[in-house]
Amino acid sequence: MTGTPPPAPAESGRPRERLDGPAKVAGRAPYAYEQPVEDPLFLFPVRSTIARGRVRWVDTEEAEAVPGVVAVLTHLNAPRLASRDDLELWVLQDDEVRHHGQFVGAVIAGTPEVARHAASLVKVEYQREWHDVVLRADHPERYRPDHVNPSFDTDTSHGDVDGALADAAATVDQTYRTPVQHHVPMEPHTTVVRWPGAADLGAVAMYDSNQGVSPIRKVLAPLLDLDPEQLWIHSPHVGGAFGSKASPKAHHVLTALAARLVPGRPVKCALTRQQMFGNAGHRTPTIQRVRLGADRRGRLTAIAHDVVEHTARFKEFAEQTAVATRTMYAAEHRRTTHRLVPLDVPAPVIMRAPGEAPGMFALESAMDELAVALGMDPVELRIRNEPDADPESGLPFSTRHLARCLREGATRFGWADRPPAGQGRRDGDWLVGVGMAASTYPLFPQQGSRARIRALPDGRRQVEIAASDLGTGTWTALTQIAADALRVPAEAVDLVIGDSALPATVGAGGSSGLSIWGTTVVAAARAFRDRHGDDPPAGAEVVGELPENTAVGRYALHAFGAQFAEVRVDAVTGEIRVPRMVGVFDVGRVINPRTARSQLMGGMTMGLSMALHEESVVDPRFGHVVNGDYAGYHIPTNADVGDIDVSWLDEPDPLYNPMGSKGIGEIGIVGTAAAIANAVWHATGVRVRDVPITPDRLLGRHR
């Protein structure tokens, strides 16, 4: 559904407070583990202590003797699954161990404490096999995947990159690295499953923390040998996800298998923080070689971005790390490649801005290095290389206001007052510098979404769609969209989401959830008003579907932004502080400024975390994450985050959706890590090309 949007309606653009806020503050908004269920049992997993091999035998006798233990589940007695197409979900179906921490058993007991204690008593003997968990660019098993997430070409090539680099007046040829990172949402991965008893006629019930009940059910139902209608999933409130809850994980299957052993009684499972580091997905590490060539005026003549990253040996995931480079800057000669190394690690998954976050760290760091080589302002360099159309496809952009973001961001930040490149300034023991980077994120139009609108007896409208709220504000923003489309106050809209019994839709991900759900609701509302008018009788109802987006294939669809950062580096200790950041974004019409600001600030905070804190350290001897908890895996606290000034352009995108909006959930993290790394160089003269930038990388090396 495209076309010129109507004048800004009453609700869109209003900074309405979160409608679910009072219930959450008062503790009346139950998350998955808190759902009221009768007479529950509790499950605690037994995890492998090797990275590759087989289970030779399991001794459960001592665990089964603990008072309160109902059953011990292993591959020897687990119910059978219907398909082994996804080995990550092939839980307790064979004796093979594919990664450290894999579930090799579980205890079901009357209390969580008893389940955890009994699980520690299960004895497992393994037949160990050689394993490899170390990513190397020259790994002998490196290969070219068929495509990268979700369906982009693996490699692209235009012109003569090597020849253009040889003829360039200025070049950059550097390698950048990003580590394994984990999502660590505030709410852990939890699920509660009740398998119907012999006298029950209902479906299998699952209360779950996920990013989309419809896609989760689509995968789990056939795996459990159920019709979709036989699996009901309820997920109205989710406490953070960042990609880790977008697809089913092993704990979903483990809990369902356990519930099947004790029909009629709910089984509750909540992964511990330590378990989440091995069983809830991660961002793949990357090794990225970026080569840039430019003429004396700063015009890019060549761009090459070659990526090596890991995947699980048993399940492929190819992150789209170099894809953003294809569309960012104009250059006649350009090449991108992706290669995977299969290792004995858990399966990687999407993590906030998958591909774009690590890929743009490398590209935007390299652009800063090119600006230094040319003696040019980094902002001007980027503006000088703005393309007239998408460099990869040749399509016109639906909207692209990156140059305006760069200029407005520079003004808000005070960029013109910065010391000359390479000098920074000194404030006592503190070395002070500033840096910037640009950012982009693609828009993902999708099909397959429906919404139902029903007139209630009191004149209200009930809007039903199986959307998700991960804490991002869906309850509020989608209500505002519905109110505008139905021409009623927001107070007259009853939104119902997070339930697989509702009309099916896509999950939250790719910064596209609100766009797709909103477009679907707008279509349903228009159909409802066309059929029933503005004064419908009670019970009037319409089910609408997401219309075809006619802009797809005709326009390049992207959001853009610019981030600026000031850093202070202690010349004695190497400590890094970030007192202020500025972000200006081209994200279309903002539905709710209050929740949008929160999302953009959260993204930039996560970018700061990527730059300075986050790194999962894998022990090559055993294959596990050695800092797999909040004590060892560092993320920023309030004391680490200074002033963050976020704003956006008032530039609706009428071609992407009828609201004129673009996604905002991920654009904030893209570019932020590079802006901070570039500021560290400006302050110290030390170019750090691997994140996180820790004090030891700077000690004794600054100018």
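See the structure printed just above.
Please read these numbers as outputs of a predicted model, since none were measured by experiment.

**Student:** I'd like a rundown of the sheet that holds strand β15 (residues 286-294), residues and numbers included.
**Tutor:** Hydrogen bonds between backbone atoms are what pair the strands of a sheet, whose relative direction is either parallel or antiparallel. Across the sheet, which stays open at both edges, the 5 strands sit in the order β9-β17-β16-β15-β10 with mixed pairing between neighbours. Each having just a single partner strand, β9 (156-158) and β10 (170-178) make up the two edges of the open sheet. Strand-to-strand twist in this sheet, taken as the mean axis angle between neighbours without regard to direction, amounts to 10°. As paired elements, β9 and strand β17 (residues 333-343) share 3 bridges and run antiparallel to each other. Paired with threonine 156 across the two strands is threonine 336, which belongs to β17. Contacting β10, β15 and β16 (300-312), helix α9 (residues 356-374) runs over the sheet at an angle of about 150° to β10.

**Student:** Give me the packing of α9 against helix α15 (residues 672-684): which residues, what numbers.
**Tutor:** For any two helices packed against each other, the geometry comes down to the angle between their axes and how far apart the axes lie. Between α9 and α15, the shortest axis-to-axis distance is 8 Å and the interhelical angle comes to 35°. Where α9 crosses over α15, the handedness of that crossing is right-handed. In this structure, α9 uses Met360, Phe361, Glu364, Ser365, Asp368 and Val372 to contact α15, whose residues at the interface are Ala673, Ala674, Ala677, Asn678 and Trp681. Of the residues contributing to the contact of α9 with α15, the split by class is 7 nonpolar, 2 polar and 2 charged.

**Student:** Can you explain the pattern of salt bridges? Please cite residues and give values.
**Tutor:** Scanning the entire structure with this criterion turns up 49 salt bridges. The shortest N-O distance in the salt bridge between arginine 98 and glutamate 96 comes to 3.3 Å. Salt bridges sharing partners connect three or more residues here, namely Arg52, Glu129, Glu141, Arg313 and Asp344.

**Student:** How would you summarise the packing of helix α12 (residues 474-486) against helix α13 (residues 513-532) if you had to cite specific residues and measurements?
**Tutor:** Where α12 meets α13, the axes come as close as 9 Å, and the angle between the chain directions of the two elements is 30°. Judged by the inter-axis angle, α12 sits roughly parallel to α13. For the element pair α12 and α13, the recorded crossing hand is right-handed. Taking contact as the criterion, the partners of Thr474, Ala477, Leu478, Ile481, Ala482, Ala485 and Leu486 in α12 are, on α13, Leu514, Trp517, Gly518, Val521, Val522, Ala525, Phe528 and Arg529. For the contact of α12 with α13, the class distribution of residues is 12 nonpolar, 2 polar and 1 charged.

**Student:** Account for helix α3 (residues 112-119), with residues named and values stated.
**Tutor:** Restricting attention to buried positions, one finds in α3 the residues Ala115, Ala118 and Ala119. Here the buried residues of α3 occupy an arc of 100° about the axis, which is enough to place them on one side. On its buried side, α3 packs onto β1 (41-47), α2 (61-64), β3 (69-73) and β5 (103-109).

**Student:** So what's going on with the packing of aromatic side chains? Residues and values would help.
**Tutor:** Per the stated rule, a full pass over the model turns up 9 aromatic pairs. With centroids separated by 5.3 Å and ring planes inclined at 65°, the aromatic side chains of phenylalanine 277 and tyrosine 633 adopt a geometry described as edge-to-face. In this pair, phenylalanine 277 is assigned in helix α7 (residues 273-279) and tyrosine 633 in the loop between α14 (593-612) and β26 (643-648), connecting sequence segments 356 residues apart. Using a relative accessible area of 0% as the deciding quantity, one classes tyrosine 633 as buried.

**Student:** Can you explain the side chain of serine 616? Please cite residues and give values.
**Tutor:** Mapped onto the fold, serine 616 is located in the loop between α14 and β26. In terms of polar contacts, serine 616 uses its side chain to reach the side chain of histidine 182, at 2.7 Å. Look past the residues within four positions of serine 616 in its chain and what remains in contact with it is Val180, Gln181, His182, Phe277, Val625, Asn627 and Tyr633.

**Student:** So what's going on with the environment of alanine 270? Residues and values would help.
**Tutor:** Positionally, alanine 270 belongs in strand β14 (residues 267-270). Through-space distance from the C-alpha of alanine 270 to that of arginine 283 is 22 Å; in sequence the pair is 13 residues apart.

**Student:** An account of the layout of surface pockets is needed here, citing residue identities and associated values.
**Tutor:** Of the volumes computed, that of the second largest pocket is approximately 1,200 Å³. Lining the second largest pocket are 40 residues, and of these Asn149, Pro150, Ala246, Ser247 and Ile350 lie nearest its centre. Contributing elements (two or more residues each) for the lining of the second largest pocket: β7 (147-148) and α5 (213-223). Tallied by class, residues from the lining of the second largest pocket come to 19 nonpolar, 12 polar and 9 charged.

**Student:** Could you give an account of the nonpolar core, naming the residues involved and the relevant values?
**Tutor:** Core analysis: the largest hydrophobic core is formed by 92 residues, its most contacted members being Leu292, Leu370, Phe564, Val567 and Ile676. The contacts of phenylalanine 564, once residues within four sequence positions are left out, are Val379, Leu406, Gly409, Ala410, Phe413, Trp415, Gly435, Met436, Arg580, Met581 and Val582. Grouped together as the second largest cluster of nonpolar side chains are 41 residues, Ala78, Leu92, Ala106 and Trp195 included.

**Student:** Run through the sheet that holds strand β6 (residues 123-128), naming residues and quoting values.
**Tutor:** Read across the sheet, 3 strands follow the order β4-β2-β6 without closing on themselves; strand pairing throughout is antiparallel. If you trace the sheet from one side to the other, it starts and ends with β4 (96-97) and β6, each paired once.

**Student:** Explain the side chain of arginine 529 to me, and be specific about the residues and the numbers.
**Tutor:** By the secondary structure assignment, arginine 529 is in helix α13. Among the polar contacts listed, one links the side chain of arginine 529 to the side chain of aspartate 534, at a separation of 3.1 Å. Apart from residues no more than four positions distant in its own chain, arginine 529 is found in contact with Ala485, Leu486, Arg487 and Asp534.

**Student:** If you had to explain unusual backbone geometry to someone new, which residues and values would you point to?
**Tutor:** Omega for the peptide link from asparagine 149 to proline 150 comes to -10°, which places this bond in the cis form. Structurally, proline 150 is set in the loop between β7 and β8 (152-153). Cis geometry is found at the peptide bond from valine 691 to proline 692, where omega equals 5°. Looking at the element boundaries, proline 692 is found in the segment after α15. Although it is not a glycine, aspartate 225 sits at a positive phi angle of roughly 60°. Counting through the fold element by element, aspartate 225 comes out in the loop between α5 and β13 (231-234). One non-glycine residue, serine 511, adopts positive backbone phi at about 50°.

**Student:** Requested: an account of empty space enclosed by the protein, with residues and values cited.
**Tutor:** Applying the stated criterion across every chain, the model contains 6 cavities of 30 Å³ or more. Here the largest cavity is characterised by a volume of approximately 190 Å³. Forming the boundary of the largest cavity are 17 residues, of which Glu88, His99, Gln102, Ala250 and Asn279 lie nearest the centre.

**Student:** Summarise the pairing of β1; cite the residues concerned and give the values.
**Tutor:** In terms of burial, β1 is a largely internal element, 6 of the 7 residues being buried. Strand direction decides the pairing type here: β1 and β14, joined by 2 bridges, are parallel. Bridging across to β14, phenylalanine 42 finds its partner in lysine 268. Two elements, β1 and β5, share 6 bridges in a ladder whose sense is antiparallel. By the bridge assignment for β5, valine 46 is matched with glycine 105.

**Student:** Give me the environment of asparagine 549: which residues, what numbers.
**Tutor:** Residue placement: asparagine 549 occurs in the loop between β23 (541-545) and β24 (558-570). Along the primary structure asparagine 549 and alanine 504 are separated by 45 residues, whereas in three dimensions their C-alpha atoms are 18 Å apart. Of the polar contacts made by the side chain of asparagine 549, one reaches the backbone oxygen of tyrosine 656; its length is 2.8 Å.

**Student:** Tell me about α5, and please be specific about residues and values.
**Tutor:** Where α5 is concerned, the buried positions are Val213, Ser214, Ile216, Arg217, Leu220, Ala221 and Leu223. As for α5, its buried residues are in contact with β12 (204-208), β13 and α6 (250-261). Trailing α5 by a residue or two, aspartate 225 shows a phi angle of about 60°, which is positive.

Parameters at a glance
- Residues numbered from 1 in each chain as written.
- Predicted model: local features only at pLDDT ≥ 70, side-chain atom pairs only at ≥ 80, totals over all residues.
- Heavy atoms only, no water.
- Pairing = 2+ DSSP bridges.
- Helix = DSSP H or I, 4+ residues; strand = E, 2+ residues; numbered from the N terminus.
- Axes fitted to C-alpha atoms, helices over the stretch in contact; angles between N-to-C directions.
- Contact = heavy atoms within 4.5 Å.
- Left-handed = near helix turned anticlockwise from the far one by under 90°.
- Nonpolar A, V, L, I, M, F, W, Y, C, P; charged D, E, K, R; others polar.
- Salt bridge = Lys/Arg side-chain N within 4 Å of Asp/Glu carboxyl O.
- Parallel < 35°, antiparallel > 145°, perpendicular 65-115°, else oblique.
- Buried < 20%, exposed > 50% of the residue type's maximum accessible area, 1.4 Å probe, protein only.
- Arc of directions from axis to C-beta.
- Phe/Tyr/Trp six-rings, centres within 6.5 Å; stacked < 30°, edge-to-face > 60°.
- Polar contact = N/O pair within 3.5 Å; in protein donor to acceptor, adjacent residues only side chain to side chain.
- 1 Å grid on protein atoms, 1.4 Å probe; cavity = no way out; pocket = protein on both sides within 12 Å on 5 of 7 lines; lining within 4 Å.
- Points joined across faces, edges and corners; volume = space filled by probe spheres on them.
- Core = buried A, V, L, I, M, F, W, Y, C linked by side-chain atoms within 4.5 Å.

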